[in-house]
Amino acid sequence: MRPVIPYVTAALLFGLGVYGVLRRRNAVLVLMSVELMLNAVNLILVTADTTARAVLPHSGQVFALFVIVLAAAEIGVGLAIVLQLYRLRATVAVDDVPLTESPDPSVGREPVVADSEVGR
């Protein structure tokens, strides 16, 4: 088997995933692009395992299995973050996510009631 076709396919998939991460504004589409990049890496690992004689047999397939498990965990955590973002902001646009705290520290906090005012 000639390994050129799977390597070129994996490179195209990875490039498409990078383009999706850099250009998309929707958080769900960014997660899908990351998954596309991880699948390209899996294709490279399995192709390298079948074409090159490694010291450990089936090591590329084992690494691909670890990448699949990592991708499943990433999607679980990523979708939970996206759902929480949608509940708070009513949008999943990545551009609308504040990366720093607000300049006014009192924004979003409840007013502090002094102990002497509690009994009144």
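Owing to the predicted nature of the structure, the values given are computational and were not obtained by experimental measurement.

Rules used in this analysis
- Residues numbered from 1 in each chain as written.
- Predicted model: local features only at pLDDT ≥ 70, side-chain atom pairs only at ≥ 80, totals over all residues.
- Heavy atoms only, no water.
- Helix = DSSP H or I, 4+ residues; strand = E, 2+ residues; numbered from the N terminus.
- Buried < 20%, exposed > 50% of the residue type's maximum accessible area, 1.4 Å probe, protein only.
- Contact = heavy atoms within 4.5 Å.
- Areas by Shrake-Rupley, 256 points an atom, 1.4 Å probe, with all protein chains shown as cover.
- Expected span 1.5 Å × (residues − 1).
- Arc of directions from axis to C-beta.

Here's the deal with the overall build of the protein chain
In terms of helices and strands, the protein chain carries 4 helices and 0 strands. Starting at the N terminus and ending at the C terminus, the protein chain contains elements arranged as α-α-α-α. Here the protein chain holds 120 residues, and 19% of them are scored as buried. Residue pairs in contact within the protein chain that sit at least 24 positions apart in sequence constitute 58% of those at least 6 positions apart. Summed over its atoms, the accessible surface of the protein chain is roughly 9500 Å², and 67% of this surface lies on carbon and sulfur atoms.

A look at helix α1 (residues 4–23)
Relative to the 28 Å expected for 20 residues at 1.5 Å per residue, α1 spans 28 Å between its end C-alpha atoms, a close match to the ideal helical length. Looking only at α1, the buried set comprises Pro 6, Ala 10, Gly 17 and Gly 20. Mapping the buried residues of α1 onto a view down its axis gives an arc of 85°, with all of them on the same face. In this structure, α1 carries Val 4, Ile 5, Leu 12, Leu 16, Leu 22 and Arg 23 as exposed residues pointing more than 90 degrees from its buried face. Contact partners of the buried residues in α1: α2 (27–51).

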